Amino acid sequence: MKNFTYYRPLSLEAAVALLDNRWGTTELLAGGTDLLDLQKEYIAQPDKVVSLTFIQDPVFTRIEVPQILPGTKPTVSIGAAVKIADIAEHAELKNLFPALTDAAAQVGGPQIRNMGTLGGNLCQRNRCWYFRDEHVLCLLKGGRRCFASDGENRYHAIFTKGHPCVIVHPSTLAPALIALGASVEVVGPSGKRTIELNKFFQAPTKPDQREHVLAPNEIVVRVLIPVEGLRNASYEVRHKQSYDWPLAQAAVAFRLSGGKATNVRIVLGHVAPIPHVATEAQKVVEGQTITRELAEQAGEAATVGAAPLSQNAYKVHLVKVAVKRALLLASGAQPDWAI
Amino acid sequence: MAEIKWPEKRRLIGTKVPRLDGPDKATGRARYSQDINRPGMLHALILRSPYAHCRIKSLDLSQAQKAPGVRAIVTVGQVNYTAGRKEGKPGWEFPVSVTDVGRELFYHGDEILAIAADTEEHARDALRLVKIEYEQLPFIVKEETALQKRLGPSTVPGKDASNVLAGGSRTEGDPDGAKKAAEVLVKGTYGVPVITHCCLETHGLVAEWESPKSLTIWCTTQAVPGTAGQLQGFLAGHGITCSVRCITHHMGGGYGSKFGPDIQGQLAAVLALVAKAPVKLFLDRDEEHLAAGNRPSATATVTIGGSRNGTISVFEAASYGTPGVGRAAGVNIGILPYVYEVRNVRISTDIVRLNHGAARAMRAPAHPQNCFITECAVDDFANAAGLDPMEVRLKNLPQNDPAAVTKIPTSFPALRNTIYTDEIRIAAELSQWKKKWHPPGKGPTKGPWKHGIGMALHTWGGAGRADNDVFVTISSDGSVLVQCSTQDLGTGERTVLAIVVAEALGLDPKDLTVVIGESQIGRSTGSGGSTTAPGTAPAALVAAINARDELFRKVAPKLGLKPDDLVLEPNKITDKASGKTFTWRQFCARLGVDTVRGQGNWIPGLSNLGVGGVQVAEVWVDTETGVVRLDKIVAVQDCGMVINKLACESQVAGGVIMGINLAMFEEMIVDEQTGRMVNPDFEFYKLGGMLDMPEIIVHMHDMPERGVIGIGEPPTISTAAAIGNAICNALGVRVPRTPFSPDRVLAALHARK
Ligand SMILES: Cc1cc2nc3c(=O)[nH]c(=O)nc-3n(C[C@H](O)[C@H](O)[C@H](O)COP(=O)(O)OP(=O)(O)OC[C@H]3O[C@@H](n4cnc5c(N)ncnc54)[C@H](O)[C@@H]3O)c2cc1C
């Protein structure tokens, strides 16, 4: 990797002050499970690496679950520096947000979960094999075309309309968090701001864009999840059972009252450059009782707008199954697919 | 000398003996070649072609040479340049304008040069300062494209530009007539992609010149003396006469890809010579995938036919496969149809050359491909005939050869029907085949999951070889040293030698010191073809018996006894004449300052060749997602006389795991736009983890009367075919190509609808 200067600030403010206001020259280092790979492959070549691991601010490093009293609108706060393993194993989070903890428990393997952080997970770069190959000058590296569009694209996006770069967003925590209505608190040179997570991601098309909307000198401080008593679940289809990425994921959340689902959110992972909100599927479920038939209809509706590439039409089918299974899981149905 | 035979009563041979180096490996004490660090050692890295096909137009090393820490740069053109011998100069004393400019590179990863620097980081930085202008040339990286064009861009030096070479053909009997007469006739296409060896220890070495006449390498190789010899030959080709010693005490897998120093060995030796310092050069994972060998792909369109009662009368296969820029075919027409006896046969194969790394031997070369092609077709035939495929297998097994039965009753031809029939019966029992097999697609279901079970057979040689010297030295303290230059690839070879010598000397294997993996010890052959145990175990027995006899000859007179009256039993030597006994130590103590040394080489009669093998896979397939879960694999394997049952079972389990990866996960993916492999890693070049592994039940079918036969290769052969058949049994449709990923399973399911 290219030589760099290593910084260990002790506060978020000090870290912000070390960051440049353009992409590429400075990078934040959390667990390093993504950044170090990017550096070794010369995809990231920062001059400065700013470590976040010496910042002790509890807001940044802890999980806070407030007392949940009737009539209140409590919010769970998960610091950006929290390890994925700690999310996966957190008893209260498991109870409130199984969509999140199930997704966390399936990330990579134990090593990745023990090093990888929530902030790093949301800000990680895409896994497109053309993007990750230094010698391929793709759109995101200043080239003129996306090689996956006409090339090896079995793992790429199926919701491709309007996207010159057909990566999929790699985070499996993000769809769950979006379904749960989460937002992120970030800090920059002019202080803190909060962004709804469903507005946090963007489809990049050029070198000076990331997969999210943060400014180069902003840092994710924590993720806030409202406790709204939503039924929620995430379902992933995976080729390998460990150390692999899902082929498709569906995260769902809804309020169940009088047997009917309302406030329905259905978010798909690994099918689009950003976590993909399946609006048509949400409409199918809104106000309805969740049955197997309805879940299947929702699965069908979730594929509206899909425009698969040469090698990934199979993902359209997987989306249907993932949505169906996630809805049934969240509704409390006995999963007949578990063996 | 009396004829040497394996002992009738065996105390150790055939039992489960933990490997001697197990604790060393588990604790990290075992030093692999990659663990070797020498004083003043430099680190070298290789610069490789970024393109699938190009020519070096210019090469400027000036900046790299000036970079911090750089001590030597040597190009591939220079190490290949032997024309300079006429001028009395080695190739690397010529400028790159002579040796490298104009050189053609034929694949992504083709070697260009190597740089040695004080640290790995400096070497990597320096690689990036090499300035090369390339002329990009047309390339082909997909078999389908090559088959269409046939005469494409070249993949090898010289004028031969054809991408499709005839790999041979064979016709026996009257296939057309048999097809017409067949009551059941099915046609199918089956294929496996190019996969790579994935040795956990990547290729490479540490090279150190003790003097201009003497080079030592610590090299990860499966041919210790062979590698030393090849390197010596290479240096001689440049006018350098020297001795080369190769040390390989522990090794992290070779699987057929590590038979010589390779280009990295040549580069490291020359860098060390030029820089006058030891050099370490090991490949990274991506280089391993790109340039350190692979298993050729194979695709075949098979027509198989026969009678309704399951007798196969005709087998036709039109096939092709790619060895990349290599020449070896993935399909061996000599052994198709695989295992079974079919009278009417028509086989042909094309070798499709592509601009990617060259194939090398890989654990049972050509066999998994041939097995997959044959065994999938056999199941499809059985399914079409409405028969249990196990019965069809039994029906079409080759008969025991009557001539062999009378002449050489322990030979494979004399026993093949018996071996397969026994092994199928055992596998059927262990897998509950009779209970669990069902017509395709008609099995038990659990929600969207469907159950399937499948079987496949395989065969292999595994003969012993001469030119394997074993030395057994007994000292007066009773200690025993066993030496052989052979290598332990992770197979347990070190322990094999200990078991055999301990058996012959009445000792405990743990009490012996076994030194292997040093070329100067003597002759040994490369670990290829599953020949190591059958080549060295007989030699070890001979050496041990010679050492024992020598011990008796030397000590008996000192005790006033006759050597012929002495009997060796576990830890005890008895004089038949007087009934007097000595412990091993007491007896050896009489050697005084003397030692005895017994030498042995391979002799015929103690080893054999030819094995069978049967595997059964049980799977569940999620018909909604296409996800396959492996439930259980039963592997029944013979290898003549089992020496170490524990190690044999491990070998079989390891072979099965490798076969599972071929079936489920592995695939080299090369991009047609860039000519670059897109998955030279372990992220998208997938290998199963713990959670992906089924229960693996291994049964060793011990046949001590046959002598020792190799076990390394056979158990990996039929796993993929058995899994393919199990999936077909679950779904009622054939998934024609591996890896059996969800997209392929779904495609097969949807194609039926
Ligand atoms: C084989 C494999 C399988 C995987 N499978 C999955 C999976 O199934 N699902 C999934 O979601 N992920 C998966 N991952 C990815 C893994 O979750 C991420 O690598 C990890 O979450 C990154 O966290 P980190 O702390 O190590 O980030 P780092 O590597 O330290 O940083 C990653 C990026 O985020 C930036 N960053 C880090 N923290 C912050 C912050 N607080 N504010 C702003 N920017 C920040 C860094 O600058 C860098 O650009 C997998 C990874 C591997 C290697």
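Residues numbered from 1 in each chain as written. Chains lettered and ligands numbered in written order. Predicted model: local features only at pLDDT ≥ 70, side-chain atom pairs only at ≥ 80, totals over all residues. Heavy atoms only, no water.

**A few points about the overall build of chain A**
Reasoning step 1: Helices and strands together make up the secondary structure of chain A, namely 13 helices and twelve strands.
Reasoning step 2: Over its C-alpha trace chain A gives a radius of gyration of 20 Å, about what one expects of a compact globule, namely 20 Å for 339 residues.
Reasoning step 3: By principal-axis analysis of the C-alpha atoms, chain A measures approximately 60 × 50 × 35 Å.
Reasoning step 4: In chain A, which comprises 339 residues, the share counted as buried stands at 56%.
Reasoning step 5: A separation of at least 24 residues holds for 63% of the contacts in chain A among residues at least 6 apart in sequence. (Helix = DSSP H or I, 4+ residues; strand = E, 2+ residues; numbered from the N terminus. Rg over C-alpha atoms; globule rule 2.2 N^0.38 Å. Buried < 20%, exposed > 50% of the residue type's maximum accessible area, 1.4 Å probe, protein only. Contact = heavy atoms within 4.5 Å.)

**Some details on empty space enclosed by the protein**
Reasoning step 1: On inspection of all chains with the given rule, the structure shows six cavities of 30 Å³ or more.
Reasoning step 2: When its volume is computed, the largest cavity comes out at roughly 170 Å³.
Reasoning step 3: Contributing to the lining of the largest cavity are 16 residues, with A:R127, A:Y155, A:V168, A:H270 and B:F684 lying nearest its centre.
Reasoning step 4: Partitioned by chemical class, the residues of the lining of the largest cavity number nine nonpolar, three polar and four charged.
Reasoning step 5: For the second largest cavity, the calculated volume is near 140 Å³.
Reasoning step 6: For the lining of the second largest cavity, the element with the highest residue contribution is helix α21 (residues 742-752) of chain B, accounting for three residues. (1 Å grid on protein atoms, 1.4 Å probe; cavity = no way out; pocket = protein on both sides within 12 Å on 5 of 7 lines; lining within 4 Å. Points joined across faces, edges and corners; volume = space filled by probe spheres on them. Nonpolar A, V, L, I, M, F, W, Y, C, P; charged D, E, K, R; others polar.)

**A short note on the interface of chain B and chain A**
Reasoning step 1: Between chain B and chain A, the residue contacts involve 40 residues of the former and 35 residues of the latter.
Reasoning step 2: Seen at the junction of chain B and chain A, the total is nine salt bridges.
Reasoning step 3: Inspection of the region where chain B meets chain A yields 20 residue pairs in polar contact (both at pLDDT 80 or more).
Reasoning step 4: Broken down by element, the residue count for the side of chain B that touches chain A peaks at five residues, all from α21(B).
Reasoning step 5: Counted by class, the side of chain B that touches chain A contains 16 nonpolar, eight polar and 16 charged residues. (Salt bridge = Lys/Arg side-chain N within 4 Å of Asp/Glu carboxyl O. Polar contact = N/O pair within 3.5 Å; in protein donor to acceptor, adjacent residues only side chain to side chain.)

**Regarding the sheet that holds strand β8 (residues 219-226) of chain A**
All names here are of chain A.
Reasoning step 1: Across the sheet, which stays open at both edges, the five strands sit in the order β4-β5-β8-β6-β7 with antiparallel pairing between neighbours. Unpaired on one side and paired on the other, β4 (63-64) and β7 (191-196) mark the two borders of the sheet.
Reasoning step 2: Summarising the sheet, strand β5 (residues 75-79) and β8 pair through five bridges and their orientation is antiparallel. Paired with G79 across the bridge in β8 is R222. (Pairing = 2+ DSSP bridges.)

**Topic: unusual backbone geometry**
Reasoning step 1: Following B:L336, the chain continues into B:P337 via a peptide bond in cis, with omega recorded as -10°.
Reasoning step 2: Examined against the element boundaries, B:P337 turns out to sit in the loop between β16 (312-321) and β17 (344-352).
Reasoning step 3: Following B:T738, the chain continues into B:P739 via a peptide bond in cis, with omega recorded as -5°.
Reasoning step 4: Tracing the sequence through the fold places B:P739 in the loop between α20 (719-731) and α21.
Reasoning step 5: Backbone geometry at A:H270 places phi at a positive 65°, although glycine is not the residue there.
Reasoning step 6: Non-glycine residue B:C198 carries a positive phi angle of around 60°.
Reasoning step 7: By secondary structure assignment, the location of B:C198 is in the loop between β9 (195-196) and β10 (204-211).

**Focus on the domain arrangement of chain B**
All names here are of chain B.
Reasoning step 1: Here chain B is described as being made up of domain 1 (33-137 + 198-291), domain 2 (421-454 + 610-753) and domain 3 (464-600).
Reasoning step 2: Computed from C-alpha atoms alone, the centre-to-centre distance between domain 1 and domain 3 is 40 Å.
Reasoning step 3: Contacts between the two partners involve 18 residues from domain 1 and, on the opposite side, 16 residues from domain 3.
Reasoning step 4: Where domain 1 abuts domain 3, roughly 1100 Å² becomes buried across the two surfaces, and 51% of that area is made up of carbon and sulfur atoms.
Reasoning step 5: Three residues stand out in domain 1 for area buried against domain 3, namely Q222, P225 and H249, and they jointly supply 41% of the buried area on that side.
Reasoning step 6: Linking domain 1 with domain 3 are zero salt bridges.
Reasoning step 7: Where domain 1 touches domain 3, the interface holds eight residue pairs in polar contact (both at pLDDT 80 or more).
Reasoning step 8: Going through the elements one at a time, α8 (224-237) and β12 (243-247) are the ones with two or more residues in the side of domain 1 that touches domain 3.
Reasoning step 9: Per-element tally for the side of domain 1 that touches domain 3: the top contributor is β12, with four residues. (Domains from an automatic or database assignment. Buried area = accessible area lost by both parts, 1.4 Å probe.)

**Concerning the sheet that holds strand β27 (residues 614-622) of chain B**
Residues and elements named next belong to chain B.
Reasoning step 1: With mixed pairing, the five strands of this open sheet are ordered in space as β18-β19-β27-β28-β29. Two strands close off the open sheet at either side, each with one partner strand: β18 (445-446) and β29 (695-701).
Reasoning step 2: Sheet analysis places strand β19 (residues 449-457) next to β27, joined by nine bridges and oriented antiparallel. Its bridge partner lying in β27, G452 is registered against V619.

**Description of the pattern of salt bridges**
Reasoning step 1: Under the defined criterion, the tally for this structure stands at 58 salt bridges over all chains.
Reasoning step 2: A salt bridge links B:D622 to A:R325; the shortest N-O distance between them is 2.8 Å. In this pair, B:D622 sits in strand β27 while A:R325 sits in helix α13 (residues 314-330), so the two residues belong to two different chains.
Reasoning step 3: With relative accessibility at 1%, the residue B:D622 sits in the buried group.
Reasoning step 4: Judged by relative accessible area, A:R325 falls into the buried class, the value being 0%.

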